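Inside the fold
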Amino acid sequence: DGGVVGVFVVCPGMWRAHDEAPCKVDFWLRGLRELSASLAKLNIPLVVLSAENAGDIAPRLAAFAREARCAAVHYNREYEINEEE
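Report follows, based on the coordinates.

Quick notes on the rules
- For every chain, the first residue of the written sequence is number 1, and numbering continues from 1 along that sequence.
- In view of the model being predicted, local features appear only for residues whose pLDDT reaches at least 70, and side-chain atom pairs are presented and counted only at 80 or more, with totals across whole chains, interfaces and linings using the full set of residues.
- Hydrogens and water are ignored here; the side-chain numbers use all heavy atoms of the structure.
- Only DSSP runs of H or I covering at least 4 residues are called helices, and only runs of E covering at least 2 are called strands; the numbering of each starts at the N terminus.
- Any two residues having at least one pair of non-hydrogen atoms within 4.5 Å are treated as being in contact.
- Between the first and last residue of a helix there are one fewer steps than residues, each counted as 1.5 Å, and that sum is the expected span.
- Each residue is placed in one exposure class: buried if its accessible area under a 1.4 Å probe, protein chains only, is under 20% of its type's maximum, exposed if it is over 50%, and partly exposed if it falls in between.
- The arc in question is traced by the directions running from the helix axis to the C-beta atoms.
- Side-chain rings of Phe, Tyr and Trp (the six-membered ring for Trp) are treated as a pair once their centres are within 6.5 Å; stacked means planes under 30 degrees apart, edge-to-face means over 60, and tilted covers the remaining angles.

Topic: the environment of Glu52
- Within the fold, Glu52 resides in the loop between strand S2 (46-50) and helix H3 (57-67).
- Between the C-alpha atom of Glu52 and that of Val10, which follows or precedes it by 42 residues, the distance is 7.9 Å.
- Ignoring sequence-local partners within four residues, the contact set of Glu52 consists of Cys11, Pro12, Gly13, Met14 and Arg16.

Okay, structure coming up:
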């Protein structure tokens, strides 16, 4: 319907590969709840997708965009050392 949808992709496999502490993951997830609440005030839903590894992100996001019939996808990329490799 021409609206905006926020999307965040979580990657549990990457968290394990980076040996992320549970408290750090909890911090990120709490931040997502706050982001969701802030976006909701603007009538923008936040969809949280899951991709096991970095290589799964683009196909998962593309599938979501097709399902949601998105006209465009805009993204912010994280440039971490392991992900660049």
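Some thoughts on helix H2 (residues 22-40)
- Its 19 residues place the ends of H2 27 Å apart at the C-alpha level, agreeing with the 27 Å of an ideal helix rising 1.5 Å per residue.
- If you check which residues of H2 are buried, you get Val25, Leu32 and Leu39. Projected down its long axis, H2 shows its buried positions confined to an angular sector of 45°, all on one face. Turned more than 90 degrees away from the buried face of H2, the exposed residues are Cys23, Phe27, Arg33 and Glu34.
- Where H2 is buried, its residues meet strand S1 (6-10), helix H1 (12-17) and S2.

Some remarks on the packing of aromatic side chains
- Taken as a whole, this structure holds one aromatic pair when the rule is applied.
- On the basis of an interplanar angle of 40° and a centroid distance of 5.7 Å, the ring pair of Trp15 and Trp28 is categorised as tilted. With Trp15 in helix H1 and Trp28 in helix H2, the pair connects residues that are 13 residues apart, well separated along the chain.
- Judged by its relative accessible area of 31%, Trp28 is partly exposed.

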